[in-house]
Amino acid sequence: MKKRFLNRDRILYFVVMILSVLFLYVGNRIAVQDNSYFQSSRADTYYRAEVIAVGEPQQIENTYDGWSESYIEQDITIRLREGALRGEEVTVHQQLQTPKEGYKTFPYEVGDQVFAGFNFDSQMNADWFIVDHLREMPMLFLVLAFFALLIGFGRFKGFNTVVSLVLTCAAVFFVMIPAIIKGCNIYLVTFITAVFTIVMTLCIVIGVHPKSIAAAVGCTCGVGFAGLLTIAMQDALFITGLIDEDSSFVMYINADTVIDLRGVIFAAIVIGALGATMDVAMSIASSLDEILYHKPDIRDWELMRSGLNIGRDIMGTMANTLVLAYVGSCLHEILLLMAHNSSLASVINREMVAVEVLQSIAGSIGILCTVPVATIVTGLVHQAIVKKRLASGASEQKGE
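Here's a quick rundown of the structure. Please read all numbers here as calculations on a predicted model, not as lab measurements.

1. Things to note about the overall build of the chain
Right, so step 1: Within the chain, the regular secondary structure consists of 11 helices and 6 strands.
Right, so step 2: The 400 residues of the chain split such that 36% are buried.
Right, so step 3: Considering only contacts within the chain whose residues lie at least 6 apart along the sequence, 66% involve residues at least 24 apart.
Right, so step 4: Here the chain displays about 24,400 Å² of accessible surface, and carbon together with sulfur accounts for 63% of that area.

2. Points about helix α8 (residues 300–329)
Right, so step 1: Given a rise of 1.5 Å per residue, 30 residues ought to cover 44 Å, and the 42 Å separating the end C-alpha atoms of α8 matches this to within 8%.
Right, so step 2: At Met315, α8 shows its largest kink, close to 30 degrees.

3. Points about the packing of helix α7 (residues 261–294) against α8
Right, so step 1: Two elements in contact, α7 and α8, have axes separated by 10 Å at closest approach and are oriented at 155 degrees. On the basis of their axis angle, the class for α7 and α8 is roughly antiparallel. Once α7 is placed against α8, the crossing between them reads as right-handed. The segment α7 lies against α8, with Ile269, Gly272, Ala273, Ala276, Asp279, Val280, Ser283, Ile284, Ser287, Leu288, Ile291 and Leu292 engaging Leu303, Ser306, Gly307, Ile310, Gly311, Ile314, Met318, Leu322 and Tyr326.
Right, so step 2: Looking at side-chain class alone, the contact of α7 with α8 contains 14 nonpolar, 6 polar and 1 charged residues.

4. Here's the deal with the pairing of strand β5 (residues 113–120)
Right, so step 1: Both strand β1 (residues 46–54) and β5 contribute to a ladder of 5 bridges, which runs antiparallel. From the neighbouring strand, Ala49 faces β5, where its bridge partner is Val114.
Right, so step 2: Across 7 bridges, the pairing between β5 and strand β6 (residues 126–133) is antiparallel. Counterpart to Ala116 in the pairing with β6 is Ile130.
Right, so step 3: Hairpin connection from β5 to β6: 5 residues lie between these consecutive antiparallel strands, with Met124 at a positive phi of about 60 degrees.

5. Describing the state of the cysteines
Right, so step 1: Summed over all chains, the structure comprises 0 disulfides.
Right, so step 2: Residue Cys221 stays outside any disulfide, its sulfur separated by 8.6 Å from that of Cys369, the closest cysteine.

6. So, the nonpolar core
Right, so step 1: Of all hydrophobic cores here, the largest spans 18 residues; its most connected members are Ile198, Leu202, Ala215, Cys219, Leu274, Met278 and Met282.
Right, so step 2: Broken down by secondary-structure element, the contributors of at least two residues to this core are α4 (186–205), α5 (210–236) and α7.
Right, so step 3: With 7 residues, the single largest contributor to this core is α7.
Right, so step 4: Residues within four places of Met282 in sequence aside, it is in contact with Leu202, Ile206, Lys211 and Ala215.
Right, so step 5: In this structure, Ala276, Val280, Ile298 and Leu322 belong to the second largest nonpolar core, which totals 15 residues.

7. Describing the pattern of salt bridges
Right, so step 1: Enumeration according to the criterion identifies 5 salt bridges in this entry.
Right, so step 2: Among the salt bridges present, the one from Glu89 reaches Arg79, with a minimum N-O distance of 3.1 Å. With Glu89 in strand β4 (residues 89–95) and Arg79 in strand β3 (residues 67–80), this residue pair connects regions lying 10 residues apart in the sequence.
Right, so step 3: Taking relative accessible area as the criterion, Arg79 reaches 32% and is therefore assigned partly exposed.

8. Brief notes about the environment of Ile52
Right, so step 1: Looking at where Ile52 falls in the secondary structure, it is placed in strand β1.
Right, so step 2: A relative accessible area of 25% means that Ile52 is categorised as partly exposed.
Right, so step 3: On a C-alpha basis, the gap between Ile52 and Gly111 in space is 6.1 Å, while along the polypeptide they are 59 residues apart.

9. Focus: α5
Right, so step 1: The terminal C-alpha atoms of α5, which comprises 27 residues, lie 40 Å apart, in line with the 39 Å expected from a rise of 1.5 Å per residue.
Right, so step 2: Remark: Phe238 follows α5 within two positions and exhibits a positive phi of approximately 55 degrees.

10. Some remarks on the layout of surface pockets
Right, so step 1: Volume-wise, the second largest pocket comes out at about 500 Å³.
Right, so step 2: Lining the second largest pocket are 18 residues; nearest its centre among them are Ser164, Thr168, Thr201, Gly275 and Met278.
Right, so step 3: Broken down by secondary-structure element, the contributors of at least two residues to the lining of the second largest pocket are α3 (136–182), α4 and α7.
Right, so step 4: Here the lining of the second largest pocket gets 7 residues from one element, more than from any other, and that element is α3.
Right, so step 5: Considering only residue class, the lining of the second largest pocket consists of 11 nonpolar, 6 polar and 1 charged.

11. Some points on a nonpolar patch on the surface
Right, so step 1: Nonpolar side chains collect at one region of the surface, where Ile11, Val15, Leu19, Leu22, Tyr25, Val26 and Ile30 lie side by side and expose about 680 Å² of accessible area between them.
Right, so step 2: Within the secondary structure layout, Leu19 lies in helix α1 (residues 2–32).

12. Structural notes on a negative patch on the surface
Right, so step 1: Taken together, the side chains of Asp244, Glu245, Asp246 and Glu333 define an acidic patch exposed on the protein surface.
Right, so step 2: Mapped onto the fold, Asp246 is located in helix α6 (residues 245–251).
Right, so step 3: The exposed category is assigned to Asp246, whose relative accessible area is 53%.

What counts and how
Residues numbered from 1 in each chain as written. Predicted model: local features only at pLDDT ≥ 70, side-chain atom pairs only at ≥ 80, totals over all residues. Heavy atoms only, no water. Helix = DSSP H or I, 4+ residues; strand = E, 2+ residues; numbered from the N terminus. Buried < 20%, exposed > 50% of the residue type's maximum accessible area, 1.4 Å probe, protein only. Contact = heavy atoms within 4.5 Å. Areas by Shrake-Rupley, 256 points an atom, 1.4 Å probe, with all protein chains shown as cover. Expected span 1.5 Å × (residues − 1). Bend = angle between axes of the 7 residues up to and from the residue. Axes fitted to C-alpha atoms, helices over the stretch in contact; angles between N-to-C directions. Parallel < 35°, antiparallel > 145°, perpendicular 65-115°, else oblique. Left-handed = near helix turned anticlockwise from the far one by under 90°. Nonpolar A, V, L, I, M, F, W, Y, C, P; charged D, E, K, R; others polar. Pairing = 2+ DSSP bridges. Disulfide = S-S within 2.5 Å. Core = buried A, V, L, I, M, F, W, Y, C linked by side-chain atoms within 4.5 Å. Salt bridge = Lys/Arg side-chain N within 4 Å of Asp/Glu carboxyl O. 1 Å grid on protein atoms, 1.4 Å probe; cavity = no way out; pocket = protein on both sides within 12 Å on 5 of 7 lines; lining within 4 Å. Points joined across faces, edges and corners; volume = space filled by probe spheres on them. Patch = residues over 30% accessible without salt bridge, like charges linked within 9 Å, V, L, I, M, F, W, Y side chains within 5 Å. Lys, Arg positive; Asp, Glu negative; His and termini not counted. Charge placed at Lys NZ, Arg CZ, Asp CG, Glu CD.

As structure tokens, this is what we get:
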């Protein structure tokens, strides 16, 4: 019987993998098809390059109608590594960042890998400039180290975690975001992406088992309630979506369709709460599964009480996780608001702050809803299956 369940799990594993890849492919085709943003020919504006020579910094003084500016400029020679001018060497008159107390600068040195771009001057000549240092390789090594630790500690489940993480990122970047840019219904696209992420992650990491079913139902209900609360509170908080300068640019990314900024906020809250609610749901379902494994004859009300007690402990720290994550992500804005506004009321009534509060509270309430739902579903599903297995085992022993 154990071998039969193992073969079934393997088949379901590959079925989920195939369906996930199919979902990503079809979803990307639908999102990109008839999408002028992705079909228009856009030339590359930045190119990878290598610094091959660095000149001496020079102090530049400019005066315009009585107003003067002073900055440091340096001639830097770079060799392009890609594009039509690959291998060509160009000289950049780069304005350097002025060192300040408490501000770390990284001057360009020979051998540095950089991003370079150009503008056309009045004579239509290319005026090259350095955009920034290349950071892709250190970030790649960091991600690979993270994957290695996951696989080393979790073994096959760690490998499945890496696979599910890659598929989740693919769903967001290759399906959800292109669909939003295309002008699709953001609420529907977000719901489909969230459900796909929940089902795919739990099926790949855990498998199609009672605890994964209970966790999926609990997580879906928690995220769904967070989304509904977001929609309900947007009018009450007078949320327009124009929380900063970047929002106005987002609105008109697609020239054919104006993007719904309130929908973008909804998507951000749902996706942000998805990971936390999935974590809580899986913790509840896995804990109760262990209880049922060691004590299959436990009473229903005892199991429910254990699940709620476990959930209370998890909620205490998980709510802090969401609040602190959102505060950390916008700490620069909070510092500016607090520094230039003496009144606390003028800070908390800003739409930017209201959106962050809505994200934190909606996600936390989603967690609160996840705990009882995951507990109830775990009790119902597991108890039914455990009792069925006990009855089946008793009949087999009787037959022998």
